[in-house]
Amino acid sequence: MNDSPGCPLIGVAATYMPRLTEFTSEPGLVAAVDQHAAAVRDALVPAQRRRRNGTLRREELADYVLGFTDWLAEARWTEPAGHDFATLRLTAVCWLIREHDLLAA
């Protein structure tokens, strides 16, 4: 998961962004991913900045992804066919990448 050169968001987006297409067929998935996205955003964006503009910074999300994927590797996690905590969290990261346009040059 961390083998993509440069920004770790690129590898996560390549792997998990396609899961966003499942939103149209799985309404419950939207709610679950939204909750995970809110948790990540709350962890990374201080309350004061949320009140001003709520901007999520690419570097912050990249650092989060590095830590999370390192933890998954240490736990020897493998991606299941469905959705578990990790796939929901990584899908939420992709939603944040898309919504905040964090892969733009």
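Above: the structure in question.
In this report, the structure presented in the accompanying data block is examined. (Residues numbered from 1 in each chain as written. Predicted model: local features only at pLDDT ≥ 70, side-chain atom pairs only at ≥ 80, totals over all residues. Heavy atoms only, no water.)

A few words on the pattern of salt bridges. Enumeration over the complete set of coordinates arrives at 3 salt bridges. The residue E79 makes a salt bridge to R19 at a minimum N-O spacing of 2.7 Å. Here E79, found in the loop between α4 (58-74) and α5 (85-99), pairs with R19, found in the loop between α1 (8-16) and α2 (27-44); they are 60 residues apart in sequence, far enough to count as distant. Between E99 and R98 there is a salt bridge; the shortest N-O distance is 3.2 Å. (Salt bridge = Lys/Arg side-chain N within 4 Å of Asp/Glu carboxyl O. Helix = DSSP H or I, 4+ residues; strand = E, 2+ residues; numbered from the N terminus.)

Our next topic: the nonpolar core. With 31 residues, the main nonpolar core has L9, L61 and V93 as its most contacted residues. Elements supplying a minimum of two residues to this core: α1, α2, α4 and α5. Top contributing element to this core by residue count: α5, with 8 residues. In contact with L61, not counting residues within four places along its chain, are L9, V40, L44, L56, V93, L96, I97 and L102. (Core = buried A, V, L, I, M, F, W, Y, C linked by side-chain atoms within 4.5 Å. Buried < 20%, exposed > 50% of the residue type's maximum accessible area, 1.4 Å probe, protein only. Contact = heavy atoms within 4.5 Å.)

Here we come to α1. Of all the residues in α1, the buried ones are P8, L9, G11, V12, A13 and Y16. Where α1 is buried, its residues meet α4 and α5.

The next point concerns the packing of aromatic side chains. For the coordinates displayed, the defined rule picks out 3 aromatic pairs. A network of ring pairs unites the aromatic residues Y64, F68, W71 and F85 as a single cluster. (Phe/Tyr/Trp six-rings, centres within 6.5 Å; stacked < 30°, edge-to-face > 60°.)

Okay, unusual backbone geometry next. The phi dihedral of R76 falls on the positive side, at around 55 degrees, and the residue is not glycine. Judged by relative accessible area, R76 falls into the exposed class, the value being 72%. Although it is not a glycine, D101 adopts a positive phi angle of roughly 50 degrees. Counting through the fold element by element, D101 comes out in the segment after α5.

Let's shift gears to the packing of α1 against α5. Relative to each other, α1 and α5 sit at 110 degrees, their axes nearing to 9 Å. Put simply, α1 runs roughly perpendicular to α5. Only T87, L90, T91, V93, C94 and I97 of α5 make contact with α1, whose side of the interface consists of L9, V12, A13 and Y16. A per-class count over the contact of α1 with α5 returns 8 nonpolar, 2 polar and no charged. (Axes fitted to C-alpha atoms, helices over the stretch in contact; angles between N-to-C directions. Parallel < 35°, antiparallel > 145°, perpendicular 65-115°, else oblique. Nonpolar A, V, L, I, M, F, W, Y, C, P; charged D, E, K, R; others polar.)

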